[in-house]
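# Understanding the architecture of this molecule
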Amino acid sequence: MNFEDELKQKVQETEKTVYEFLPEEEGFQKTILEAMNYSMKAGGKRLRPLLMAETYRMFGGTGEVIRPFMAAMEMIHTHSLIHDDLPALDNDEYRRGKKTTHVVYGEAMAILAGDALLNYAYETAARAFVLEPGHERIGKAFRILTAKTGIYGMLGGQCVDVEYEGKNLERERLDFIYRLKTSALIEASMMVGAVLAGASDEKIALLERVAGKVGLAFQIQDDILDVVSTTETLGKPVGSDEENRKTTYVTLEGIEKAREDVRRLSDEAIEELDTLEEKNPFLMELLKSLIDRKK
């Protein structure tokens, strides 16, 4: 099986796992549950839970304990997209080729749907404690998940991003935003997989560095695509960074330097990952594929 076929199969398997943890659409709060599921089922690469699963496999993990964490990670990521698209932030009407949550359900319900997904993510991850009551590493994995999501992770990066929209940003602050807003969830994904599989602290720290570089390269590539791609290809509006007067890696460094740095960061991440005695050829190819992605 070639990489593209294997990727398609693994994404389908990952999506099936995520869908198994979605809430039933019933009760007086049915509308919020529908909005949550609408957003979760709108497609996407399922990159973060896939990275989590493949890192877990790389270190010999075979149990069910990873599954609620995979679903939780995708819920956290989707929550951030719902809120990013709101009129108060990016004001986007399309995400993954479909109408955004606030367009379909209204702004108030979209805010609540994002809040609900973030909270439900933690409820979902906590199911791991019931799946394997004696698993001593679940608590550590849970702490990583929550820390990388919060004010010292993704949400912290988003806050600084919003605060400095329309203002001149220096490179140091932009790197801070990217490392928290984008890298943090990729770091959490790979670290949680490694922790639950029993990897050493040294190897978990190495994966955090690798994932940090991957996340930064991923966000810079996103900046590039916002300039050179099309709405049809990306499934969301292009040119929104310029329209919102946002400082990006491209506006600071230029598109050619941005492309060079995507390649450099990706190469550094791959080289460091390859120093591990544990190997996962598919994971390696997955990380390489992020360099040249077109959407």
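Residues numbered from 1 in each chain as written. Predicted model: local features only at pLDDT ≥ 70, side-chain atom pairs only at ≥ 80, totals over all residues. Heavy atoms only, no water.

## Quick look at empty space enclosed by the protein
Scanning all chains against the criterion turns up 3 cavities of 30 Å³ or more. Empty space within the largest cavity amounts to approximately 110 Å³. Lining the largest cavity are 13 residues, with Ser39, Ile82, Asp85, Arg95 and Thr101 sitting closest to its centre. Contributing elements (two or more residues each) for the lining of the largest cavity: helix H2 (30–40), helix H4 (66–84) and strand E2 (98–99). The dominant element in the lining of the largest cavity, judged by the number of residues it contributes, is H4, at 3 residues. Taken together, the residues of the lining of the largest cavity sort by class into 4 nonpolar, 4 polar and 5 charged. (1 Å grid on protein atoms, 1.4 Å probe; cavity = no way out; pocket = protein on both sides within 12 Å on 5 of 7 lines; lining within 4 Å. Points joined across faces, edges and corners; volume = space filled by probe spheres on them. Helix = DSSP H or I, 4+ residues; strand = E, 2+ residues; numbered from the N terminus. Nonpolar A, V, L, I, M, F, W, Y, C, P; charged D, E, K, R; others polar.)

## Some words on H2
Buried within H2 we find Ile32, Leu33, Ala35, Met36, Asn37, Ser39 and Met40. Tucked inside the fold, the buried residues of H2 contact helix H1 (3–20), H4, helix H5 (101–105) and helix H6 (107–125). (Buried < 20%, exposed > 50% of the residue type's maximum accessible area, 1.4 Å probe, protein only. Contact = heavy atoms within 4.5 Å.)

## Quick look at the layout of surface pockets
Taken as a whole, the second largest pocket holds about 250 Å³ of empty space. Every residue lining the second largest pocket is counted, 17 residues in all, and those nearest its centre are Thr17, Ala53, Arg57, Arg67 and Met70. The set of elements that each furnish at least two residues to the lining of the second largest pocket consists of H1, helix H3 (47–58) and H4. Among the elements that take part in the lining of the second largest pocket, H1 stands out by supplying 6 residues, more than any other. When the residues that make up the lining of the second largest pocket are grouped by side-chain class, the tally is 5 nonpolar, 5 polar and 7 charged.

## Topic: unusual backbone geometry
A negative phi angle is the norm for most residues apart from glycine, just as the trans form is the norm for most peptide bonds. If you check the backbone angles, Arg46 has positive phi at about 55° while not being a glycine. Positionally, Arg46 belongs in the loop between H2 and H3.

## Regarding the packing of aromatic side chains
If you walk through the whole model with that rule in mind, you get 4 aromatic pairs. Ring centres 5.4 Å apart and planes at 35° place the aromatic pair Phe3 and Phe282 in the tilted group. Taken together, the residues span a long stretch of sequence, with Phe3 in helix H1 and Phe282 in helix H16 (residues 281–289) at a distance of 279 residues. The buried category is assigned to Phe3, whose relative accessible area is 18%. Each residue in the set Tyr122, Phe129 and Phe142 is aromatic and connected to the rest through ring pairs, giving one cluster. When the ring centre of Tyr19 is taken as reference, the NZ or CZ atom of Lys41 above it lies at 5.5 Å. In this arrangement the basic side chain of Lys167 is found over the ring face of Tyr164, its NZ or CZ atom lying 5.3 Å from the centre. (Phe/Tyr/Trp six-rings, centres within 6.5 Å; stacked < 30°, edge-to-face > 60°. Lys NZ or Arg CZ within 6 Å of the ring centre and 35° of its normal.)

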